[in-house]
Structure formats: structure tokens, C-alpha cells
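Structure assessment
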Amino acid sequence: MASSRASTASGETKMRGSSPEHYNEGMTVFLCSKCGTAITPELAELAAVPDVSADERDRHKETRRAPSTVPRGYYAIDPEPWGPPHVVQDDQEDPKPAQSRGPVVCREGGFVISAGSRHTVLVHPDDAASLQPLPNWEKSSGCCGPTGDEGINRACPCGAPVASLAADCFGPFELHLDPVRTYAFS
């Protein structure tokens, strides 16, 4: 559940009301830290990142995308590191995926693992439909869509980079809102 306090852009903390007229009790909207534009509609918090099927038969028949990690209308806080920088893994004989729910990644120095931001906010990509790719599709390489492991690749309508979309045919289908470039309002 969302906490009973919400931090505003100025850092001020406000208590949510508990009277019946507060119809959005427990709902959270995520906003751009630069301009304050709402990036998402009201979303409900999940207690943990859901387990998603890794079975190839569950991928969309045309796009080959995995089912979205988070259902529409919800968000989850990912405690694991996401995105760059990546560091070489200690165990090169039995490498782990580079980031949670992602593939194993090998770079010049060997198999790598994310040392990026923790506590990114995971949302269904369609719950942030106003976000746009960075100019020239920067950091959006992949086979059928961006892998999400190159860093922030989606911007607020104001142009501020705010999120990483992972939507390739061999990884997860999810959107990570950067915990510094976005903020929650409950």
C-alpha cells in the first residue's frame, strides 16, 4: 500500500486525508521532477515486483514481447539495480542476468551485471503513454525494441529524460521510472 505521506517537489510532506471525500486514498501519480507534468494516471502500489512467466509461449505472437511485468493500473518498486553502469561479474563461469528479469549480457570485459539505480518504479508501459523516445532513438537499441540496459531512453513531453523502457523480444516488457527524475504524489 502507498504510505500515508506524500513528498512534494519542494520536499514538504503532506498528510492524506482519511475522510470519505478522498476518493483516491491509496492511489499514486508519478510526475516529472523537472516540470511537474503527470507521467502516469493514478496507480495502486503492489507489495512486490510480480513474477512473470519466462515461457516463450506466453510472449505476444507478433511483437514477441513478454507479458508486462506490472499490470495496468499498478506500480511496484524494484529493489534490484537497473541499467548502467554495468560491472564485470565475479563469476564468469556461471553468469547471472545483467539485471532483474533480463538476459545475460557479455561485453568486452566479460559478463556484466547492473550497478545502476535501485528502487526504480516499475509501471506498465501503457500507463505512461505520453513518454517519448529520446531524440534519434538514443539508448533504444535492441532487436525488436529497446533492451532497457543502456540507460534512460524515454522523456517527458517537456524533454526531460525520465525513464527506461525495456520492450525487446528477448527480455522483459516494463518501464522503469527513474527515482530521481520522477516523484510520487499520493
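Residues numbered from 1 in each chain as written. Predicted model: local features only at pLDDT ≥ 70, side-chain atom pairs only at ≥ 80, totals over all residues. Heavy atoms only, no water.

1. Quick word on the pattern of salt bridges
In total, this model carries four salt bridges according to the counting rule given. Two residues, D78 and R101, come together in a salt bridge whose shortest N-O distance is 2.8 Å. A residue pair is termed long-range when its members are at least 10 positions apart, and D78 in strand β5 (residues 74-78) and R101 in the loop between β6 (86-88) and β7 (105-107) qualify at 23 residues. Its relative accessible area of 1% is what places D78 among the buried residues. According to the relative accessible area criterion, R101 is partly exposed, its value standing at 29%. Among the ionic contacts, a cluster of salt bridges with common partners joins D78, R101 and E174. (Salt bridge = Lys/Arg side-chain N within 4 Å of Asp/Glu carboxyl O. Helix = DSSP H or I, 4+ residues; strand = E, 2+ residues; numbered from the N terminus. Buried < 20%, exposed > 50% of the residue type's maximum accessible area, 1.4 Å probe, protein only.)

2. Remarks on the sheet that holds strand β12 (residues 161-166)
Read from one edge to the other, the open sheet built from nine strands follows the order β10-β11-β12-β13-β9-β5-β4-β3-β14, with strand pairing classed as mixed. Strands at the two margins of the open sheet, each flanked by one partner only, are β10 (132-133) and β14 (182-185). As judged from the four bridges shared by β12 and strand β13 (residues 174-177), these two strands associate in the antiparallel manner. Bridged to A166 within β13 is E174. (Pairing = 2+ DSSP bridges.)

3. A word on the environment of T40
Locating T40 in the fold gives a position in the loop between β3 (27-32) and β4 (43-45). The sequence separation of T40 and V123 amounts to 83 residues, and the corresponding C-alpha distance is 8.7 Å. Polar contacts involving the side chain of T40 include one to the main-chain amide nitrogen of F30, which spans 3.0 Å. (Polar contact = N/O pair within 3.5 Å; in protein donor to acceptor, adjacent residues only side chain to side chain.)

4. Topic: the environment of A166
Summarising the element assignment, A166 is placed in strand β12. In contact with A166, other than residues within four places in its own chain, are W82, P146, T147, G148, P172, F173 and E174. (Contact = heavy atoms within 4.5 Å.)

5. Topic: the confidence of the model for the protein chain
Per-residue confidence for the protein chain averages 84 on the pLDDT scale, and 87% of its residues sit at or above 70. Every residue in residues 1-24 is under pLDDT 50, and counting partners more than four places away or in other chains gives 33 contacts. (pLDDT = per-residue confidence, 0-100.)

6. Quick word on unusual backbone geometry
Cis geometry marks the peptide bond from P84 to P85; its omega dihedral reads 5°. Residue placement: P85 occurs in the loop between β5 and β6. The residue H119 is not glycine, and still its phi comes out positive at about 65°. Within the secondary structure, H119 is located in the loop between β8 (110-114) and β9 (120-123). Overall, the relative accessible area of 45% leaves H119 in the partly exposed class. Even without being a glycine, N136 presents a positive backbone phi close to 60°. Its location among the elements puts N136 in the loop between β10 and β11 (154-155).

7. As for the nonpolar core
Ranked by size, the top nonpolar core spans 18 residues in total, and within it I39, V123, L131, V162, L175 and L177 carry the most contacts. Looking at this core, the elements with two or more residues in it are β3, β9, β12 and β13. Among the elements that line this core, the one with the most residues is β12, at three residues. The residues contacting L131, other than those within four sequence positions of it, are I39, R154, A155, C156, V162, A163, L175 and L177. (Core = buried A, V, L, I, M, F, W, Y, C linked by side-chain atoms within 4.5 Å.)

8. Observations regarding the sheet that holds β7
What the three strands build is an open sheet, ordered β6-β8-β7; its pairing is antiparallel. Strands with a single pairing partner mark the edges of an open sheet, and in this sheet they are β6 and β7. Neighbour-to-neighbour, the strand axes of the sheet open up by a mean angle of 50°, direction not taken into account. (Axes fitted to C-alpha atoms, helices over the stretch in contact; angles between N-to-C directions.)

9. Digging into the environment of G145
Its place among the elements puts G145 in the loop between β10 and β11. On the basis of relative accessibility, which here comes to 14%, the residue G145 falls in the buried class. Residues G145 and D168 lie 23 residues apart in sequence; the distance between their C-alpha atoms is 4.2 Å. In this structure, G145 is in contact with S140, A167 and D168, ignoring residues within four places of it in sequence.

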